[in-house]
Amino acid sequence: MSEPKKVDRRKFIYAGLGAVALIAIGAAAYVAMNPPVVTKTVPTTSVVTTTVPTTSVITTTSVATTTVPATSTMTTTPSAPAKTLIVDQLHEPTGLDPQHATATYGESVRVITLIFEPYFVYDYRELPKPVLKPNLFISYDVNSDSTVWTFTLKRGVKFHDGEPFNASAVKYSMERAKNKDLGFAFLPIIQNMTVEVISDDKVSFKFPQPVPNLLELLAQPQFSPVSPKSAEKWGITDFKEHPVGTGPFKFVSWTKGVEIVLERFDEYHGGPEFFGHIGPARVNKIVFRGVTDNTTKFNDIVTGNCDMITSPAALNPSDYRRLPNYIYTLSVPSASEVYLFFNVEKVGDPNIRKAIASLIDRETWAAKLTYNTSVPVYAGFVATTNLGYDPSIADLVPKYNLEAASKYMAAAGYTKGADGKYYKDGKPLTINFLSISAYKDTLEAFTTSLNAFGIDAKLSILDTPTLFSRIQNGDYDMAMCGAGSFVTSDTARLFFTDTGLYNTRFQKINPEVGALIQKALNAKDVNELGEAWKTLDKINVENCVVLAVYTLPHIYVLGRWVSGFIAMPELICAPYVWLDVDIDYQLKRASLSK
Amino acid sequence: MSMLGKILLVLKKFITFFLTFVAAITVIFIIMHSIPGDPILYMFETTTLTKEQIEALRALYGFNKPLYQQYLDTLYNFLSFNFGRSTRGFSVLDLILTRLPYTVELAIFGLLWGIVIGLPVGIISAFKQETLYDYSLYTLTLLFISVPVFWSGLLLIIIFAINLGWFPPSHATSPNSVILPSLTLGLAFSGELARVTRSSIIDILELDYVKLAHAKGLPFHQIALKHVLRNALIPITTLCGMRFGALLAGVPIVETIFAWPGIGSLVYEAILARDIPLVQGCIIFMVFWFILINSLVDISYYYLNPKLKAKVLF
Amino acid sequence: MLSTLKKGLKIILKQKSSAVGLILMLFLFALILVVPFFFHLDPYKIDYDEILEPPSFKHIFGTDHLGRDIFARVLCGGSLSLIAGFISASTAMVLGVLLGIIAGVAGGVIDELVRSIANVLLSFPSIILALAIVAVLGPNLSNVLLGVSISVSPIFIRVIRGAVLTIMSSEYVLGAKALGSSRSHLIIKYIIPNTAPTIIVLWTLYIPSALISASALNFLGLGVQPPTPEWGALLNDAKNYLSTAWWTAFFPGLFICITVLSFNLLGDGLKRILDPRLKI
């Protein structure tokens, strides 16, 4: 060890330690000056006024007015802190373009619903009955065979970028939706539609085939108008990250994996007449975060890190009620249901399907596993609130009955082996069962009871893209998923067409299915339409292809300090439910400090 | 070591680094293209797409080209920092760089926790060898190593975030959100660090010249500072460097538990979303830094201890 | 051989740490392998009225989200976790032995090739490689085992190759080579006996590592599917209930921790006996 070597090492080590110290200081400074995400939880200023707006903005006007005041009639004291509503939802949106294929995903729709709005909206007071009210279209006219529809537009509505909402904007939006690259959800219907601009506030849609339920369709979020100027600017690919619509909130930023920030649109027209809200929303900002984890969501709201949770999985209301400052929950009846469906090409014997169907214990699962937030449903693919639902179908649905199940297995040619499993020609009955984590409890329980019964059920919990992929490729025997739409043709398309996400391939085996769907497409009025769906569902249930299990719960958990929110089912586009939402920060502080 | 020698060493290391990087890209390429079935069907849900659209997608991602061509394209892209676009249309490099600062923050704090906890424990153990302190600390460090991160993370959340409410349980929303996740990582690392510290200090304490200094009657703390610690710091800093590289590469599990928006959770989300370009991009990115830091640590190790040049290290 | 074993056992038991490790391990094996059969524990039995119950006399570890007894699930899941750890570590060991010996004995280009492969595999942060493999091939237990084996094997390859090289350059082997011994003779007579201690120690030390990696993949949902119990999978279930049912997370993790600890204690002891110079 000669001296020079020691000196070198010492210097190096000092240098190294110095570097580490510098990094540490730098990191500390970086964090202090630049916290990764700053969200206002509880403001530290002492000037917190629980402001009730000095002018009441909820007026129940029964006279339909076509003009809207240009400035907001709502006042907020200038010194009041900005109100930011933080919402934890299940996932980040996949895109914010309502006309893009990604806009059928519930988590995307929730945010899209704030930036855009549809031409008609559902009245929340009538739920679960789907009652439509005018929003951007205030009146309509239709010819006798439902091929020509004429609409009158609401006046004084603007897009976030200042463009006026007028007939040419409507025409632009419809024409844009025809672009094949977007994957518009209702492309077959509008493909050959022509839009005629009659005047600035009158427009007509001409279809080559009758579309008797057009109003229903125009209430779907996918039909929201987009700003022609911005849509042109951003194009097909980038508009979903820079959306511009007419809704009560405008898009500010999207930090991937972190949050989406929306800001109040001060020139908002106020929403549908029946709701009676004039002017823009009350909160200044809304922040959406995608949080898959239940614990995180629970803790976020308990600590005030967020103000609202949507779709908490496996929610036990008593957990929330147990908290000293009880946070309230809203659940909402809806058309969404959880379905069990088969791949009839793989599970071809109806007896096997009926046997499995007889093992569905709806009552217990709804009561114990969803804590009574779901209601058992004995029906086929048509939701109980929708066109084509016939209450008598419940009689055809197999009930939970172990003996009946054994009989069906025997009819299918299976006998129980020594190990308690069913065998036919030496092979056990293996069912590959797919689903997603949202229904994990029910699925686990179902798989366990199938295994106990003697069927070799193999469960795979997958993420949504994988699930869709495998169903599409026919790589499944049975699946359990949720679906919800007020439009029956949507649900039928899901299960019984080659392009449907939950393709059961029933249409390949039974030609009546295809014929009935065609009949529905060509129906001249709603009665014909309803009859077609009724018949289809009967055939479906008799063959045990798609069975409803229970209603999909739509639950919102809100802090006590949030008021004015109206709970709507997830895929329903209703921007007005957010207009009256208000946050009382003083109450929030009081609620959180135990 | 002469100047030329140093340059040659660095050059050699750089070449090794480059070759290893290319080999890593190859391995990932092989893995990503071993998907059973059609990759387009794997990545996209194609029920709403027409045949032309599917073929267009195939061409966009280059899956219609022969395999070796795809390999060369991939290689060229990554080496020119073109990470491509994810299946949802976002630029992969953008996604990674947006989330990188979070992982860096986590890595730095994790390392600091590990040092703050592990170093003192190791030093005390070493100087109080064979006493009760040593045995109990030894068991403690073994415990830290044995605890799986996905358990300790959950426990820390239960104790400190839920029951005591001192820290937020997840997300990177407030400045002290980083405490719990970095503590999880730091605890796991501290066990290892303590053991290495202990053994390297003991190694040096056994050396003749230290015993000589002790015999000469030099005061204890002088021996400790002047001779022991400085020399023992070499393997310690080496370990820290390598672990820092590993932390920087992102720890998917800890980031997922704490919903920490770093590149570890990005990789996991990409895997769930079956987004091959994103998965490839993320892993290559992580591997790049991992190899780079390891190479740098290797170089510094050689530089510090030229005697080791001759040994067969691996 | 029996006397060597006895001697080894004595040394193990003499050291406090490895003695504790051995006893702990035997206790765990008894728990996991014997108790479920003896007491007819059923990890699948659902009880809708006992959902998420805290630990009590009836259910010593409490119940989970489907009312199943966590004690039963932890013990039954243990066998799956242990098997996963054993199999992946053993596969990695076999790979390491094969490639390490081939590389060390053959030398030259093959040696370089093997060394590069090991280096490349080591250039991946630990779990990423296994994650990628499982992601591509699909989530099930066999793919998890494959992924973990591949990600653990480079360490084996590296260490064993190093050991083989050292032996190959020792006087005995050089002498034997000079006398014209065949390669297989060299391998059987010199290499295997001399590397065996290293291999065993490495194997013991990497079983817990493999176990944790496999459990981690199950924790991420990429391995066994519900309702199969496995420690990592149990933690995956538990993470939804941290705020309301801490026992669902505490006990499975505790068992992983104790198992790994016992392996590490025992491994440390073994290391001292068999190959103290081993630096990993």
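Student: Hey, could you run me through the overall build of chain B in this one?
Tutor: Along its length, chain B carries 13 helices and zero strands. Listing each helix as α and each strand as β along chain B from the N terminus yields α-α-α-α-α-α-α-α-α-α-α-α-α. For chain B, the proportion of its 314 residues judged to be buried stands at 45%. Summarising the internal contacts of chain B: among those between residues at least 6 apart in sequence, 72% fall at separations of at least 24.

Student: Which parts of the structure should I look at to understand the interface of chain A and chain C?
Tutor: One frequently used descriptor of interface size is the decrease in accessible area upon assembly of the parts. With 19 residues of chain A at the contact, the number on the chain C side is 15 residues. If you list the elements that add at least two residues to the side of chain A that touches chain C, you get helix H7 (294–302), helix H10 (362–369), helix H12 (440–453) and strand E18 (456–462) of chain A. A per-element tally of the side of chain A that touches chain C places H12(A) first, with six residues. For the side of chain A that touches chain C, the residue count by class is six nonpolar, seven polar and six charged.

Student: Before we go on, may I ask you to explain the nonpolar core in this structure?
Tutor: Buried together is how nonpolar side chains tend to be arranged in soluble globular proteins. In terms of nonpolar packing, the biggest core is built from 172 residues, with Val267(B), Val279(B), Cys282(B), Ile283(B), Met286(B) and Ala132(C) touching the most fellow members. A per-element tally of this core places helix H3 (residues 70–106) of chain C first, with 17 residues. The residues touching Val267(B), leaving out its near neighbours within four places in the chain, are Gly250(B), Pro252(B), Val279(B), Cys282(B), Ile283(B) and Ile128(C). Formed by 81 residues, the second largest nonpolar core is a distinct cluster that contains Val382(A), Ala405(A), Phe496(A) and Trp533(A).

Student: So what exactly am I meant to see when it comes to the interface of chain C and chain B here?
Tutor: The interface is formed by 34 residues belonging to chain C together with 37 residues belonging to chain B. Only helix H4 (108–122), helix H5 (126–137), helix H6 (141–168), helix H8 (183–219) and helix H10 (247–274) of chain C provide two or more residues apiece to the side of chain C that touches chain B. With eight residues, H10(C) is the largest single contributor of residues to the side of chain C that touches chain B. Considering only residue class, the side of chain C that touches chain B consists of 24 nonpolar, eight polar and two charged.

Student: Quick question: what am I supposed to make of the sheet that holds strand E19 (residues 478–483) of chain A here?
Tutor: Residue and element names in this part refer to chain A. Read from one edge of the open sheet, five strands run E18-E17-E19-E13-E20, paired in mixed fashion. Either end of the sheet is taken by a strand with one partner, and the two such strands are E18 and strand E20 (546–551). Each adjacent strand pair in this sheet contributes to an overall mean axis angle of 25°, direction not counted. One ladder, built from five bridges, connects strand E13 (residues 337–342) with E20; its direction is antiparallel. Each residue of the ladder has a partner; that of phenylalanine 341, found in E20, is valine 546. Here helix H13 (residues 464–472) sits on the sheet in contact with strand E17 (430–436), E18 and E19, set at roughly 140° to E17.

Student: I'm lost on the environment of Tyr124(A) in this one. Help?
Tutor: Relative to the helices and strands, Tyr124(A) is located in the loop between strand E2 (120–122) and strand E3 (132–134). The spatial distance from the C-alpha of Tyr124(A) to the C-alpha of Phe275(A) is 9.5 Å, given a sequence separation of 151 residues.

Student: What am I meant to see in helix H8 (residues 179–205) of chain B here?
Tutor: In an α-helix there are 3.6 residues to a turn, and that puts residues three or four apart on one side. Most pronounced at Phe189(B), the bend in H8(B) amounts to some 25°. The element H8(B) is extensively covered by neighbouring structure, given that 19 of its 27 residues are classed as buried.

Student: Got a minute to help me understand the sheet that holds strand E6 (residues 194–199) of chain A in this structure?
Tutor: Residue and element names in this part refer to chain A. Strand order in this open sheet of four strands is E4-E5-E7-E6, and the pairing throughout is antiparallel. Because the sheet does not close on itself, it has two edges, and the strands there are strand E4 (137–142) and E6. In this sheet, neighbouring strand axes are inclined to one another by 20° on average, regardless of whether the strands run parallel or antiparallel. Where E4 lies against strand E5 (residues 148–153), five bridges are found, and the strand directions are antiparallel. By the bridge assignment, phenylalanine 137 is partnered in E5 with leucine 153.

Student: Could you clarify how one ought to interpret the pairing of E19(A) in this entry?
Tutor: Working note: regular strand, side chains alternate between the two faces of the sheet. Residues and elements named next belong to chain A. By the criterion of burial, E19 is predominantly enclosed, with five of the six residues buried. Looking at chain direction, E13 and E19 are connected through six bridges and run antiparallel. Within E19, the position partnered with tyrosine 339 by the bridge is cysteine 481. With three bridges joining them, E17 and E19 adopt parallel strand pairing. In the strand pairing of E19, serine 435 is matched with methionine 480.

Student: Help me out: how do you make sense of the environment of Asn231(B) in this one?
Tutor: Of note, Asn231(B) is situated in helix H10 (residues 220–248). For the pair Asn231(B) and Ile204(B), spaced 27 residues apart in the sequence, the C-alpha separation amounts to 7.5 Å.

Student: Would you mind showing me how to read the packing of H8(C) against helix H9 (residues 231–238) of chain C here?
Tutor: When two helices pack together, their arrangement is given by the angle between the helix axes and the distance between those axes. All names here are of chain C. At a minimum axis distance of 7 Å, the contact between H8 and H9 shows a crossing angle of 35°. Along this stretch, H8 crosses H9, giving a crossing that reads as right-handed. Within the contact between the two elements, H8 uses Ser215, Ala216, Leu217, Asn218 and Phe219 and H9 uses Trp231, Gly232, Ala233, Leu235 and Asn236. Tallied by class, the residues present in the contact of H8 with H9 amount to six nonpolar, four polar and no charged.

Student: Even after reading the chapter, I still don't get the confidence of the model for chain B, so can you show me in this structure?
Tutor: Predicted coordinates in regions of low pLDDT should not be interpreted in detail. All names here are of chain B. Per-chain confidence: chain B averages 81 in pLDDT, with 87% of residues scoring 70 or above. Per-element confidence in chain B is highest for helix H11 (residues 252–257), whose mean pLDDT is 90, and lowest for helix H9 (residues 208–216), whose mean pLDDT is 69. Considering only residues more than four positions removed or in separate chains, one finds that residues 308–314, a stretch of pLDDT under 50, has seven contacts.

Student: Help me out: how do you make sense of the packing of H8(C) against H10(C) in this one?
Tutor: Residues and elements named next belong to chain C. The interhelical angle for the contact between H8 and H10, taken along N-to-C directions, is 165°, at an axis separation of 9 Å. In terms of their interaxial angle, H8 and H10 are classed as roughly antiparallel. Note on packing geometry: the crossing formed by H8 with H10 is left-handed. Residues Pro197, Ile200, Val201, Thr204, Leu205, Ile207, Pro208, Leu211, Ile212 and Ser215 of H8 pack against Ile256, Thr259, Val260, Phe263, Asn264, Leu266, Gly267, Leu270, Lys271 and Leu274 of H10.

Student: Sorry if this is basic, but what is going on with unusual backbone geometry here?
Tutor: Glycine aside, the phi torsion of most residues is negative, and most peptide linkages are trans. The step from Pro226(C) to Pro227(C) runs through a cis peptide bond, and the omega angle for that step is 0°. Within the secondary structure, Pro227(C) sits in the loop between H8 and H9. The backbone phi angle of Cys544(A) is positive, close to 50°, even though this residue is not glycine. Residue placement: Cys544(A) occurs in the loop between helix H17 (526–542) and E20. We classify Cys544(A) as buried; it has 26 C-beta atoms within 10 Å. The phi dihedral of Ala259(B) falls on the positive side, at around 50°, and the residue is not glycine. Among the secondary structure elements, Ala259(B) is positioned in the loop between H11 and helix H12 (263–272).

Student: Quick question: what am I supposed to make of helix H3 (residues 167–177) of chain A here?
Tutor: Those residues of H3(A) that fall on the buried side of the exposure criterion are Ala167(A), Ala169(A), Val170(A), Tyr172(A), Ser173(A) and Ala177(A). For H3(A), the secondary structure elements touched by its buried residues are E5, helix H4 (187–190), E6, strand E7 (202–206) and helix H6 (228–238) of chain A.

Conventions and cut-offs
- Residues numbered from 1 in each chain as written.
- Chains lettered and ligands numbered in written order.
- Predicted model: local features only at pLDDT ≥ 70, side-chain atom pairs only at ≥ 80, totals over all residues.
- Helix = DSSP H or I, 4+ residues; strand = E, 2+ residues; numbered from the N terminus.
- Buried ≥ 20, exposed ≤ 12 C-beta atoms within 10 Å, placed from the backbone.
- Contact = placed C-beta atoms within 7 Å.
- Nonpolar A, V, L, I, M, F, W, Y, C, P; charged D, E, K, R; others polar.
- Core = buried A, V, L, I, M, F, W, Y, C linked by C-beta atoms within 7 Å.
- Pairing = 2+ DSSP bridges.
- Axes fitted to C-alpha atoms, helices over the stretch in contact; angles between N-to-C directions.
- Bend = angle between axes of the 7 residues up to and from the residue.
- Left-handed = near helix turned anticlockwise from the far one by under 90°.
- pLDDT = per-residue confidence, 0-100.
- Parallel < 35°, antiparallel > 145°, perpendicular 65-115°, else oblique.

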